[in-house]
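Listed below are the residues making up each chain.
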Amino acid sequence: MPDKQKTLSVFSNLSPLSDASSLIRPPWYSFALQPEGAFFYQGFFREGTFDQIGAGSALSGISRSLEGWIDLPRGIGRPFLGNLRVESEGQDLVVVMTVVSPFSGHGPQKWEAMIHTALDATSIPFQVCIVGAGPVGLALACRLEEQGISVLLVEAGESSEAGRHVSVANHHHAPLMSATASGLGGTSSLWGGRCVAFDDIDFLQRPYVPNSGWPISHEEVSRYYEDALKFLYVADTDLGEEQIDRSSGDVHRNAIEWWSSKPNLGLEYRKRIEQSKLIHFLPDTVLSSIELDSERAVTHLHLQGKAGTSRIPSQRLVLAAGGIGNVQLLHQLHKAHPDGLSPALGRFYQGHLTGYIAIVELQDDVSVDALSFQATKGGGIFRRRFQLSCDAQQRLGLLNCVFWLDTISISNALHHSAGLSAVFLALQLTGLYRFFANGKAAGSQLRRGTRYRDHLRNLVPSMSALRDIRMTIGQLLRRRDRRAPIVNPARRYLLRYHAEQAPDMSSTVVPSPSTEEDHVATVAIDYRVRDEDLVSIERSHAVLDRWLKERGMGKLDYLHPASERLQALRDQAFDGFHQIGLTRMSTSPEDGVVDHDCKVHGVSNLFIAGSCVFPTGGHANPTMPAVALSMRLADHLVETLKAKDSAQRVVIS
């Protein structure tokens, strides 16, 4: 079938032909065409690598493969493959696209257009640029796409230098190379899938928590929880009225954690991103610097990728590169504009304190079941945790803290179960235990000198020991999934605490001296843990112990003498995964980096997304609330985008 000539209009930002050296690997171009006066088609294409071309060089015969997407009439979209050739006619360029037609029943099609200037790497039409394609950046991009906003999504990927130019002052902070991940989906590739909501008290200004209080209410965030849970692949979250815990007093069991069924978001959203007509994904690309004009608005971004360096205009920029990543970029901006950003930048660094200082022994199976993993009718997986009530926290001056049950390894005789000890000894003495153990179960690391003696003590003959052994053998015979936790007939479990930290201005991520000027803001991390945070955890254990005993529900069995508990808590203090507070939200720039809409104070079109904007972190794992807050930000951006702010497009015919 002979090729047909089509009119091709390329929407692009342009540079003069005399600057043809900018023809270095342009990423994406958009186009519109109206073949034979029929329908109007639009789409995007990208091509392979152009050789670097100097002014006056021969352009004839340069040809590269290309791929793209065409939006057909009635909203139907199809990808295409083909090739692109650039020819020169004097001072003009001719772009010829030959593609395998997306139109049913047709062979290869040829579209040709005269271009009077050379395309550079700024050819992607977008209204919002998002830097970072982790859970927060992905959620923000998808929310904007759903409302018709075009997005440039920039992800460092293989070009990420996370952890390479960072120093850590103490042992409380995890290495960034193990705490963060790059690529589409970001740190969700390391995420276990736990989704937890904030509490109302987390947003209050609490007299006993220095630097506490949010400039927005919990409702401003919680109204996005349902959408955030869906985005994170949490199934049905309807607990039903009968499943609400009605405990009274200082402790309750309504602190719910939900679990994502597909936590690696990069795998789940890759196809959507690749097929999107509004989200333009730039992988392996680093934002190297930000330009501001005299009115303190972002005007251009400098991007560095495998294809080279490009300078692109930007209407609205959102940094979603993780707490420390965002701070590095802002410190670099602050270096260029010393009087522009808040003194709170990189301060008030918080995480969560977690570990064990006690075993909980419950009196009945009903209590164990209430605190075990459960499923809703629609398949949502959740678990309840112990939590001090808001009234108890305020009355006693305690930080927010939750507790949940962790199964004790069968190798640890502290489980006090005759059945579990019998199983362990049988496997150990026959040499089979090493085939079943992975060393990951809580309490699996023991001193060998006490292991067998303590297990034999659990096997002292009694009616309860016989019943224990019978129950253990029975559940092992019925067990189908080796990953499922083993129920302890003695009802003893390690009590995991997960506690809030109070904001501390001396806990910082600040620039450190560097001899390499091309690095993005080399930083020093000084993540601190206050004694008051540790005391609050110890006192919260005491409140829970008293509450359990008063109701005849159980008791705590501490793992350390009272004189050693604070040191045990200090030794366990370790984070760097939950990067909270570094660009905190505030009413004034003296107290925080962003305002109530997550806009950087003093910069009209620069926004921050992620847990780094949380003034306080509560007990909640930050992923789900951060996604919810990013959706709120997306809605705010949609509201503020006006007709005159539409994508920057220049029609060339």
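Keep in mind it's a predicted model, so treat the numbers as computed, not measured. (Residues numbered from 1 in each chain as written. Predicted model: local features only at pLDDT ≥ 70, side-chain atom pairs only at ≥ 80, totals over all residues. Heavy atoms only, no water.)

**Student:** Give me the overall build of the chain: which residues, what numbers.
**Tutor:** If you tally the helices and strands in the chain, you get 15 helices and 29 strands. Here the chain holds 653 residues, and the buried ones make up 55% of them. When contacts within the chain are restricted to residue pairs at least 6 apart in sequence, those whose partners lie at least 24 apart make up 71%. Accessible surface for the chain amounts to roughly 28700 Å². Of this, 52% is attributable to carbon and sulfur atoms. (Helix = DSSP H or I, 4+ residues; strand = E, 2+ residues; numbered from the N terminus. Buried < 20%, exposed > 50% of the residue type's maximum accessible area, 1.4 Å probe, protein only. Contact = heavy atoms within 4.5 Å. Areas by Shrake-Rupley, 256 points an atom, 1.4 Å probe, with all protein chains shown as cover.)

**Student:** Account for the sheet that holds strand β25 (residues 508-511), with residues named and values stated.
**Tutor:** As summarised here, the arrangement of the three strands in space is β12-β26-β25, forming an open sheet in which the pairing is mixed. The two strands at the open ends of the sheet, each matched to only one other strand, are β12 (166-168) and β25. Each adjacent strand pair in this sheet contributes to an overall mean axis angle of 20°, direction not counted. Sheet analysis places β25 next to strand β26 (residues 523-526), joined by four bridges and oriented antiparallel. Bridge assignment links Val509 to a residue of β26, and that residue is Ile525. Packed onto the sheet, helix α6 (residues 323-336) meets β12, β25 and β26 and runs at close to 35° relative to β25. (Pairing = 2+ DSSP bridges. Axes fitted to C-alpha atoms, helices over the stretch in contact; angles between N-to-C directions.)

**Student:** How would you summarise the nonpolar core if you had to cite specific residues and measurements?
**Tutor:** Membership of the largest hydrophobic core comes to 127 residues, with the highest contact counts inside it found for Ile130, Phe231 and Leu317. Ranked by residues supplied to this core, first place goes to helix α15 (residues 623-640) with nine residues. Setting aside residues up to four positions removed in sequence, Ile130 forms contacts with Gly137, Leu140, Ala141, Leu144, Val151, Leu152, Leu153, Val154, Val318 and Ala320. Ranked by size, the runner-up nonpolar core spans eight residues in total, among them Ile410, Leu420, Leu425 and Ile486. (Core = buried A, V, L, I, M, F, W, Y, C linked by side-chain atoms within 4.5 Å.)

**Student:** Which residues make up the pairing of strand β11 (residues 151-154), and what values do they have?
**Tutor:** Residue alternation in β11 divides its side chains into two sets, Val151 and Leu153 and Leu152 and Val154, and both sets are buried. Both strand β10 (residues 128-131) and β11 contribute to a ladder of four bridges, which runs parallel. Across the sheet, Cys129 pairs through a bridge with Leu152, a residue of β11. Handedness of the crossover joining β10 and β11 through helix α1 (residues 135-146) is recorded here as right-handed. (Right-handed = clockwise from strand over helix to strand, strands pointing away.)

**Student:** Requested: an account of the packing of aromatic side chains, with residues and values cited.
**Tutor:** In this structure the tally under the stated criterion is 12 aromatic pairs. Plain terms: the ring middles of Phe203 and Trp214 are 4.3 Å apart, the flat faces sit at 40° to each other, and that makes the pair tilted. Here Phe203 is found in the loop between β13 (194-196) and α3 (218-222), whereas its partner Trp214 is found in the loop between β13 and α3, with 11 residues between them in sequence. Taking relative accessible area as the criterion, Phe203 reaches 6% and is therefore assigned buried. Connected via pairs of aromatic rings, a cluster forms that spans Phe198, Phe203, Trp214 and Phe614. In this structure, Arg565 is placed above the aromatic ring of Tyr558, and the distance from its NZ or CZ to the ring centre is 3.7 Å. (Phe/Tyr/Trp six-rings, centres within 6.5 Å; stacked < 30°, edge-to-face > 60°. Lys NZ or Arg CZ within 6 Å of the ring centre and 35° of its normal.)

**Student:** Would you mind going over helix α13 (residues 531-550) in detail, with residue names and values included?
**Tutor:** For α13, with 20 residues, the first-to-last C-alpha span of 29 Å sits near the 28 Å given by 1.5 Å per residue. Buried residues of α13: Asp533, Leu534, Ser536, Ile537, Glu538, Ser540, His541, Val543, Leu544, Asp545, Trp547 and Leu548, and no others. Positioned one or two residues after α13, Gly552 has a phi angle of 65°, which is positive. (Expected span 1.5 Å × (residues − 1).)

**Student:** An account of the packing of α1 against helix α5 (residues 265-275) is requested, with residue identities and associated values reported.
**Tutor:** At their nearest, the axes of α1 and α5 sit 12 Å apart, and the two run at 30° to each other. It follows that α1 is roughly parallel to α5 by the angle criterion. Judged by the twist between their axes, the crossing of α1 over α5 is left-handed. Every residue of α5 that contacts α1 at Pro135, Leu138, Cys142, Glu145 and Glu146 is listed here: Leu265, Tyr269, Arg272 and Ile273. Taken together, the residues of the contact of α1 with α5 break down into six nonpolar, no polar and three charged. (Parallel < 35°, antiparallel > 145°, perpendicular 65-115°, else oblique. Left-handed = near helix turned anticlockwise from the far one by under 90°. Nonpolar A, V, L, I, M, F, W, Y, C, P; charged D, E, K, R; others polar.)

**Student:** Summarise α15; cite the residues concerned and give the values.
**Tutor:** The terminal C-alpha atoms of α15 lie 26 Å apart, and with 18 residues this matches the ideal 26 Å at 1.5 Å per residue to within 8%. A large share of α15 lies buried, amounting to 15 of its 18 residues.

**Student:** How would you summarise the sheet that holds strand β16 (residues 285-292) if you had to cite specific residues and measurements?
**Tutor:** The sheet built from three strands is open, its strands ordered β16-β17-β18 with antiparallel pairing. The two strands at the open ends of the sheet, each matched to only one other strand, are β16 and β18 (308-313). Within this sheet the neighbouring strands show an average axis-to-axis angle of 20°, counted without direction. Bridge analysis of β16 against strand β17 (residues 298-305) gives seven bridges, and the strand direction is antiparallel. Among the inter-strand pairings, Leu292 is bridged to a residue of β17, identified as Val298.

**Student:** Mind laying out unusual backbone geometry, listing which residues take part and the relevant values?
**Tutor:** When glycine is set aside, most residues are seen to have a negative phi, and most peptide bonds are trans. The phi dihedral of Arg296 is positive, around 60°, even though this residue is not glycine. Inspection of the secondary structure assignment puts Arg296 in the loop between β16 and β17. The class of Arg296 is partly exposed, set by a relative accessible area of 24%. Positive phi, close to 60°, is recorded for His416, a residue that is not glycine. With respect to the secondary-structure elements, His416 resides in the loop between β23 (401-406) and α9 (418-429). Judged by its relative accessible area of 41%, His416 falls in the partly exposed class.

**Student:** I'd like to hear about the side chain of Arg383, residue by residue, with values.
**Tutor:** Position of Arg383 relative to the elements: it lies in strand β22 (residues 381-388). Polar contacts involving the side chain of Arg383 include one to the side chain of Glu257, which spans 2.6 Å. Within polar-contact distance, the side chain of Arg383 engages the backbone oxygen of Leu405 at 3.3 Å. Every residue in contact with Arg383, bar those within four places of it in the chain, is listed here: Arg194, Ala255, Ile256, Glu257, Trp259, Leu371, Ser372, Phe373, Trp404, Leu405 and Asp406. (Polar contact = N/O pair within 3.5 Å; in protein donor to acceptor, adjacent residues only side chain to side chain.)

**Student:** Tell me about the pattern of salt bridges, and name the residues and values.
**Tutor:** Within this structure, the stated rule accounts for 26 salt bridges. Residue Asp533 is joined to Arg530 by a salt bridge in which the shortest nitrogen-to-oxygen separation is 2.8 Å. As far as burial versus exposure is concerned, Asp533 and Arg530 are alike and both buried. Across the pair Arg551 and Glu550 runs a salt bridge, and its minimum N-O distance is 3.6 Å. Classification of Arg551 as partly exposed rests on a relative accessible area of 35%. Residue class for Glu550 comes out exposed when judged on its relative accessible area of 57%. One salt-bridge network, held together by shared partners, links Arg194, Glu257, Arg383 and Arg385. (Salt bridge = Lys/Arg side-chain N within 4 Å of Asp/Glu carboxyl O.)

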